[in-house]
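Geometric and topological summary
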Amino acid sequence: MAQSTSDPAPLTCYRHPDRESMLRCSRCERPICSECAVLTPTGYRCKECIRGQQKAFETALTIDYPVAFVLAGILAFGGSLIASAMGFFTIFIAPLVGIIIAEVVRWAVRKRRAPQLFRLAAAGAALGGAPLLLIRLIGTIAALASGAGIGGILGIIWLALYVFLVTSTVYYRLSGIKLR
Ligand SMILES: [Zn+2]
Ligand SMILES: [Zn+2]
């Protein structure tokens, strides 16, 4: 951490003391050789700092993964029951359900993060919305087979849209890309 302001001696890489260094890590400011330097949008970084950064981003605990998956699944299923009665208004209900799921998951995992955690929450939301869609699908196929007409098809389209919108809203909201 401590840095002397007057150092006439040539700098050497902190991992390779035999190599003279022309670069400094933009984060820890230690001198690094060209082999140790990794170019990032904010300048050269040493490999240690790159690793540290990745760890700082992935804070999720093992328990967070099943919690996010199951919570997203239950809420998405509940939402699908509401959406199935809404018809066209699914377009407005689904993103709202997605936001609620994302916020509940975020609260449940105490704002811990990991890319895999967000994917699992989205997968849970997709699976949670799927049962009702499948039931509707089977019901409509059965109705078609008995010649009752195609009245159920629109309901299937809204539910499919619901699953798609909820899943993408959960994923994008959790991973920090705002959809508004
Ligand atoms: Zn560094
Ligand atoms: Zn080096």
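Quick look at the structure, then.

About the thresholds
Residues numbered from 1 in each chain as written. Chains lettered and ligands numbered in written order. Predicted model: local features only at pLDDT ≥ 70, side-chain atom pairs only at ≥ 80, totals over all residues. Heavy atoms only, no water. Patch = residues over 30% accessible without salt bridge, like charges linked within 9 Å, V, L, I, M, F, W, Y side chains within 5 Å. Areas by Shrake-Rupley, 256 points an atom, 1.4 Å probe, with all protein chains shown as cover. Salt bridge = Lys/Arg side-chain N within 4 Å of Asp/Glu carboxyl O. Lys, Arg positive; Asp, Glu negative; His and termini not counted. Charge placed at Lys NZ, Arg CZ, Asp CG, Glu CD. Helix = DSSP H or I, 4+ residues; strand = E, 2+ residues; numbered from the N terminus. Donors = N, O, S within 2.8 Å, 3.2 Å for Na, K, Ca; no water. Tetrahedral: all angles 85-135°; square planar, octahedral: opposite > 155°, others 65-115°. Buried < 20%, exposed > 50% of the residue type's maximum accessible area, 1.4 Å probe, protein only. Contact = heavy atoms within 4.5 Å. Core = buried A, V, L, I, M, F, W, Y, C linked by side-chain atoms within 4.5 Å. Pairing = 2+ DSSP bridges.

For the rest of this paragraph, the subject is a positive patch on the surface. Side chains of R15, K47, R51 and K55 sit close together on the surface and give a patch of like positive charge. You can see K47 is positioned in helix α1 (residues 47-57).

Moving on: the coordination of the zinc ion (ligand 1). All of the protein donors around the zinc ion (ligand 1) are C25 (SG), C28 (SG), C46 (SG) and C49 (SG); their distances to the metal are 2.2 to 2.3 Å. Geometry at the zinc ion (ligand 1) is tetrahedral, judged from the 4 donor atoms that bind it and their angles of 103 to 118° at the metal. Positions of the donor residues of the zinc ion (ligand 1) along the chain correspond to the pattern C-x2-C-x17-C-x2-C. Here C46 lies in strand β4 (residues 43-46) and C25 lies in the loop between β1 (23-24) and β2 (31-32), a separation of 21 residues in the sequence.

Moving on, we get to the coordination of the zinc ion (ligand 2). Around the zinc ion (ligand 2), the protein contributes the donor atoms C13 (SG), H16 (ND1), C33 (SG) and C36 (SG), which lie 2.0 to 2.3 Å from the metal centre. Coordination geometry of the zinc ion (ligand 2): the 4 donor atoms subtend angles of 101 to 114° at the metal centre, consistent with an arrangement described as tetrahedral. Counting gaps between the donor residues of the zinc ion (ligand 2) yields the pattern C-x2-H-x16-C-x2-C. Note that C13 is positioned in the segment before β1 and C33 in the loop between β2 and β3 (37-40), a separation of 20 residues in sequence. On the basis of relative accessibility, which here comes to 1%, the residue C13 falls in the buried class.

Let us now look at the environment of H16. Tracing the sequence through the fold places H16 in the segment before β1. Sequence-distant contacts of H16, that is, excluding residues within four places in its chain, are made with C33, E35 and C36.

Structurally, T90 is set in helix α3 (residues 90-108). On the basis of relative accessibility, which here comes to 0%, the residue T90 falls in the buried class. Beyond its immediate stretch of four places on either side in the chain, T90 contacts A83, P95, W158 and Y162.

A few words on the nonpolar core. Judged by nonpolar contacts, the single largest core of 23 residues is most densely connected at I101, Y162 and V166. For this core, the secondary-structure elements that each account for two or more residues are α2 (64-83), α3, α4 (115-145) and α5 (153-174). For I101, the residues in contact, after removing those within four places along its chain, are A72, L75, A76, V166 and V170.

Let us look at the pairing of β3. Where β3 meets β4, 4 bridges bridge the pair, whose relative direction is antiparallel. Among the inter-strand pairings, A37 is bridged to a residue of β4, identified as C46. Hairpin connection from β3 to β4: 2 residues lie between these consecutive antiparallel strands.

Before going further, it helps to examine a nonpolar patch on the surface. Residues I82, M86, F88, F89, I91 and F92 make up a contiguous nonpolar surface patch of about 570 Å² in total accessible area. Mapped onto the fold, I82 is located in helix α2.

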